[in-house]
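Chain by chain, the residues:
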Amino acid sequence: MTDLGIAFKDVHGRAPEGSWAAPGRVNLIGEHTDYNDGHVLPFAIPQTTRAAVARRDDGLLRVHSADMDGGVVELRIDDLAPGAAAGWATYPAAVLWTLREAGHPVGGADIHYDSTVPVGGGLSSSAALQVVTALALCDLHGVSMSRQELALLCQRSENVYVGAPVGVMDQTASACCAEGHALHLDVRGLEQRQVPLDLAGQGLTLLVADTRVKHAHADGAYASLRAGCEAAAAALGLAALRDVPYAGLSDALDALPDERLRRLTRHVVTENRRVEDVIALLDAGRIRDIGPVLTAGHLSLRDDFQVSCPELDLVVDTALACGALGARMTGGGFGGSAIALVATADVPAVTAAIRSALPAARLFPSTPSGGAHRLS
Ligand code: GAF
């Protein structure tokens, strides 16, 4: 039995039926575009959340995590309902409820999790938890669906049950990414393309700096930003800000009633364009040249979308001052992580400078890794 299986047995008193893993993600570019029907370009990181699972037939969901205090959380499936909070266990409960709501014949389970995805680091630890749970329950109960459907189901569990109006990027990245590639997802039609991203082959390193900061207003701010984007699209008579053509941006800005909606719109429209630019550069084998586009994305998130924070700006500015080719915050913002594209020879200098500027930061290089999978 694996170490995860042994831990499962210690907690649940029997052997698991199988084990699964789902990764966190870094978003290379395309921030706050997913809920505007736009483009995103995340890749899966090597850090994963693992789950060992065995089915139960008594209507109970019993979950335990090596990384959370509080022991086993036991929930009755019949009591699961949107809004019923159970701490971290709300996420697996939400996935189980959503699978059943969609008519899938999924019952109770004993689950033991562990995770190397930093919690609260803006690297989608909750999406990894959702996706590993959904994949395990589907596999064990013979439910078949595409990875994109699985990601949508996990998004729905977060929107409806947890109550967070997130887009579908994080769950799709965790479910669908492929090793050595970033994933271009066009959210409107849910078209996917795996875009080769061979950093090491070009002598490059993608450094992740988790600031270990999460500002308290992050969740409320996300909902308000999403509502602002929807209000801007409605004011323009469009289904989504995705429908503002880049060439028509200045007309669209003139037609908007206030400065906040103008800022939000400018970010979304230019960010969609940056995703296209980065993909074109990657397709042309010009990885180094994406650096300035990443940095432009950060400035747009800082000044127009206003979701950065002093710690993220400090990491970005420090990395750039030390020779990084580009740097930006990644994820929803208000804390979490920044990324820096660095010539591998410069990694020690950039790392030392960030450590000295922000000693609490956790720094690690990242490589595009595979999506969720069964381990045993
Ligand atoms: C968070 C959300 F979960 C994503 O859907 C996305 O909107 C992201 O913030 C910002 O790009 O990670």
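Residues numbered from 1 in each chain as written. Predicted model: local features only at pLDDT ≥ 70, side-chain atom pairs only at ≥ 80, totals over all residues.

J.: Break down the nonpolar core for me, with residues and values.
T.: As a rule of thumb, nonpolar side chains are buried together in soluble globular proteins. Ranked by size, the top nonpolar core spans 110 residues in total, and within it Val131, Val132, Ala134, Leu135 and Ala340 carry the most contacts. Taken domain by domain, the makeup of this core includes at least three residues from each of domain 1 (3–195) and domain 2 (200–366). Those residues in contact with alanine 134 that sit more than four places away from it in its chain are Val95, Leu99, Leu150, Leu153 and Cys154. (Core = buried A, V, L, I, M, F, W, Y, C linked by C-beta atoms within 7 Å. Buried ≥ 20, exposed ≤ 12 C-beta atoms within 10 Å, placed from the backbone. Domains from an automatic or database assignment. Contact = placed C-beta atoms within 7 Å.)

J.: For the domain arrangement of the protein, give the residues involved together with the corresponding values.
T.: You can read the domains of the protein as domain 1 (3–195) and domain 2 (200–366). Each of domain 1 and domain 2 has a C-alpha centre, and the two are 25 Å apart. Taken together, the contact between domain 1 and domain 2 spans 26 residues of the former and 35 residues of the latter. Its residues placed into classes, the side of domain 1 that touches domain 2 shows 12 nonpolar, 11 polar and 3 charged. (Nonpolar A, V, L, I, M, F, W, Y, C, P; charged D, E, K, R; others polar.)

J.: Report on helix α6 (residues 218–235), specifying residues and quantitative values.
T.: With 18 residues, α6 should reach 26 Å at 1.5 Å per residue; the first-to-last C-alpha distance of 25 Å fits that figure. Every buried residue of α6 is accounted for by Tyr222, Leu225, Cys229, Ala232 and Ala233. For α6, the arc enclosing every buried residue in end-on projection is 100°, short of the 170-degree limit, so these residues lie on one face. Away from the buried face of α6 by more than 90 degrees, exposed residues Gly220, Ser224, Ala227 and Ala234 are located. (Helix = DSSP H or I, 4+ residues; strand = E, 2+ residues; numbered from the N terminus. Expected span 1.5 Å × (residues − 1). Arc of directions from axis to C-beta.)

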